[in-house]
Amino acid sequence: MLSDGFWRIIRTGLVGLVLAAAVAGLMLGDAWLWVAVEWSPPDYAEDYARGGFDALTTVTLLVAALVKAAFLWLILRAPAPGPLDRRARALRRLLYLAVAYTLVLWYPIALLSDAVDSALGLALWTAIDVLYLLVIRWRSRMLRAAAGAMFAVELAGMADELLDELDLPELGSGGIVGPGLVLGGVAATVITVVGQRRDGRWSRGTQTAGWLSVGVYALVIPFNVLFGRFSSGNLAMLVMMDAVGLVNTVWIAATARELPAEGRPADLPPARRRVIRVAVAAVAVLPIIALIHPEQTPRLAYTGWSTDCYDRPNFGDLKPAERDAAFLCLARSTEGGAPPMFPDSLSDQEVLAYGRALCRTKDGDEQEAILTRAGSARPAWGADPRDLVYVCPEIVGAAHPELLRSTTEEEAANTAYIAEENAKCRDPWPRTKGVVQATATYFLFVDGDPGYLVHDPGDEAAEEAAEQAMDKVYDDSTLIGVAGSAVLIGHVEDVVDLCLTVKSFRTAPPRRPAGWDQVNEVPIVSRSGRLTVPEMGEGGEVGAGAPMPNLAIAGKGRYRLRVYVRVDDAGEEQHLVAVFPGASRKRLKLTP
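Note that the coordinates shown come from a computational prediction; the quantities given were computed from them, not determined experimentally.

Criteria and thresholds
- Residues numbered from 1 in each chain as written.
- Predicted model: local features only at pLDDT ≥ 70, side-chain atom pairs only at ≥ 80, totals over all residues.
- Heavy atoms only, no water.
- Buried < 20%, exposed > 50% of the residue type's maximum accessible area, 1.4 Å probe, protein only.
- Helix = DSSP H or I, 4+ residues; strand = E, 2+ residues; numbered from the N terminus.
- Pairing = 2+ DSSP bridges.
- Axes fitted to C-alpha atoms, helices over the stretch in contact; angles between N-to-C directions.
- Contact = heavy atoms within 4.5 Å.
- Patch = residues over 30% accessible without salt bridge, like charges linked within 9 Å, V, L, I, M, F, W, Y side chains within 5 Å.
- Areas by Shrake-Rupley, 256 points an atom, 1.4 Å probe, with all protein chains shown as cover.
- Salt bridge = Lys/Arg side-chain N within 4 Å of Asp/Glu carboxyl O.
- Lys, Arg positive; Asp, Glu negative; His and termini not counted.
- Charge placed at Lys NZ, Arg CZ, Asp CG, Glu CD.
- Disulfide = S-S within 2.5 Å.

> Hey, could you run me through the pairing of strand β6 (residues 518-526) in this one?
Summarising burial for β6: eight of the nine residues are buried, a large majority. Across nine bridges, β6 lies against strand β8 (residues 557-567) in antiparallel orientation. Bridge pairing in β8 links Gln-518 to Val-565. Taken together, the three bridges between β6 and strand β10 (residues 588-590) define a ladder with antiparallel strand orientation. Directly across from Val-519, in β10, lies its bridge partner Leu-590.

Encoded structure:
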């Protein structure tokens with residue numbers, strides 16, 4: 001075992017290095033200051049503050065450097081000498097591994113997938129919790145059972161996170177299960193400290209560190225549960241939470257260090273205890289004082305994170321208290337690299353006031369003037385009614401009632417619209433029944449979709465065949481691209497949807513070209529025994545509006561695909577696709 005003197009040299013050197021790095025970072029720039037204090041790569045700083053650190057954040061980083069240096073001094077104390085049994089020795093090693101993860105190992109593990117990180121954490125703390133039950137002298141069966149229950153809840157929370165990373169069904173969802181699992185972790189810490197007190201091996205300082213870590217949880221949980229994450233406006237809070245969060249690591253290291261002590265360690269002298277109390281109070285109070293902003297500082301009461309606004313929640317799904325938060329998140333969004341609607345220098349109240357003023361404008365020029373006055377980086381863009389509906393539903397809803405819908409109402413409206421559009425389409429060959437057939441509206445992309453596919457979705461090269469067919473669709477005037485198991489059929493008019501009928505026959509049907517503008521016949525192959533047309537998926541905007549049958553009624557093999565196209569007097573485009581077995585590989589153009 002290393003001597004106490006050697007440990008003191010290591011502690012002094014590392015703590016001095018942290019403080020010197022913080023001073024050097026202050027002179028070299030924000031990125032280096034971030035690295036020195038947060039012990040993470042400089043690009044992490046850009047994620048939180050692309051425009052550089054403000055004065056408050058810089059001061060907070062320097063204070064955090066002092067706090068973390070003090071905690072590091074406590075963490076690196078030499079392990080207490082004394083004999084350890086096999087279980088206690090294993091617990092000490094695992095606790096020091098947890099300390100190493102917090103200080104050093106988190107970054108190389110973060111380079112792996114999140115699922116690997118979650119799995120390693122679950123395995124580590126499962127072993128530690130089991131050994132806690134075996135090593136700590138609880139002196140009460142009820143207390144040991146309660147500890148086991150709390151540890152199980154803590155591990156269930158970690159398992160739930162792992163399931164989420166693996167995209168597997170989680171243990172629960174909603175506003176109860178998540179906070180419950182987090183509070184279970186806090187309860188596990190509380191009951192462990194109680195067990196340490198009853199055991200008698202751990203000093204008052206170690207127990208104090210444990211209770212302080214519970215206090216840190218009490219500060220962090222509201223942000224994680226209520227807001228989901230820290231916003232860029234709370235970077236100073238993030239830095240200080242990260243610094244004071246090391247008190248939990250201090251407690252873990254002290255727990256490992258004092259494992260061999262057979263009796264309770266002697267209490268510190270009264271004078272030294274008073275110094276420690278003052279230091280603890282300073283650590284607890286100074287971060288709060290540092291976060292008290294001047295009266296003129298913008299208030300950022302709403303962050304919008306709790307409403308998942310980047311998924312643009314439906315207005316009807318939000319409670320009144322959540323709508324302002326959704327607008328503020330969208331108004332400050334930089335998604336896709338676009339500048340935000342409003343700068344961060346504006347308070348929530350100012351942004352909401354400007355948003356309601358935008359609702360009352362009569363044209364784009366008035367909106368541009370308001371955004372210019374607000375200091376927007378994109379005044380010429382105006383404001384999207386889909387954003388403004390959250391702050392003035394009575395105004396936007398009058399012109400766009402569809403924006404007031406909930407998800408359920410929107411799905412019902414879409415279903416009704418698709419059914420209405422499908423009802424407009426008629427079978428052009430009502431007396432010629434196919435073995436399988438369907439008639440529906442095929443919805444295309446508004447901004448120019450080349451057409452629709454008849455393809456074999458089970459073909460191993462389905463995607464490649466579809467790309468080749470798309471490349472060939474403009475090769476001639478027929479607007480039909482053929483590529484093995486995929487045929488892309490283009491539309492002849494500039495339309496956003498068309499009426500499509502598909503029929504499959506056991507033999508070639510009559511040609512009947514009269515009344516059609518184009519009739520073409522091309523080859524297609526089914527390698528899996530399927531041929532169909534893509535359907536509109538859940539939440540999708542492209543595809544057939546009704547289920548499409550398998551047109552390969554003879555199974556695997558070669559088929560002929562005859563395409564009829566016409567445009568009626570109203571400009572509506574109609575397609576009929578007839579499929580039947582056939583070995584010919586010729587392309588035929590039949591004269592209407």
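This is not the end of the story, as more comes after the structure.
> What's the story with the pairing of strand β9 (residues 573-581) in this structure? I'm lost.
Looking along a regular strand, one sees side chains alternate from face to face of the sheet. Of all nine residues that make up β9, eight are buried, and the element is covered over most of its length. With six bridges connecting them, strand β5 (residues 497-504) and β9 associate as parallel partners. The partner of Leu-500 across the bridge, within β9, is His-575. Between the antiparallel neighbours β8 and β9 lie five residues, among them Gly-571 with a positive phi of about 85°.

> Would you explain the sheet that holds strand β3 (residues 480-483) in this entry?
Strands pair in a sheet through their backbones, by hydrogen bonds, and they do so in one of two ways: parallel or antiparallel. Pairing is antiparallel across the open sheet formed by three strands, whose spatial order is β2-β4-β3. Looking at the sheet topology across the chains shown, the edges are occupied by β2 (451-455) and β3. When the angles between neighbouring strand axes are averaged without regard to direction, this sheet yields 15°. Two elements, β2 and strand β4 (residues 486-490), share five bridges in a ladder whose sense is antiparallel. When the bridges of β4 are listed, Gly-451 appears paired with Gly-490. Against the sheet, helix α19 (residues 462-472) engages β2, β3 and β4, with an angle of about 145° to β3.

> Would you explain a negative patch on the surface in this entry?
Taken together, the side chains of Glu-463, Glu-464, Glu-467, Asp-471 and Asp-475 make up a negatively charged region of the molecular surface. Its place among the elements puts Asp-471 in helix α19. The exposure class assigned to Asp-471 is exposed, which follows from its relative accessible area of 60%.

> Would you explain the state of the cysteines in this entry?
Two cysteines, two sulfur atoms, one covalent bond between them: this is a disulfide. Applying the stated criterion across every chain yields a total of two disulfides. For Cys-359, the disulfide goes to Cys-392, at an S-S distance of 1.6 Å. Taking the sign of the torsion about the S-S bond as the criterion, the disulfide between Cys-359 and Cys-392, at about -65°, is left-handed. One end of the pair, Cys-359, is in helix α14 (residues 348-359); the other, Cys-392, is in the loop between α16 (385-388) and α17 (393-399), and 33 residues separate them in sequence. Residue Cys-392 is classed as buried on the basis of its relative accessible area of 2%. The partner cysteine of Cys-425 in its disulfide is Cys-499, sulfur to sulfur 2.1 Å. Between Cys-425 and Cys-499 the sulfur-sulfur dihedral comes to about -80°; the bridge is accordingly left-handed. Here Cys-425 is found in the loop between α18 (407-423) and β1 (436-443), whereas its partner Cys-499 is found in strand β5, with 74 residues between them in sequence. Cys-499 carries the same exposure label as Cys-425, and that label is buried.

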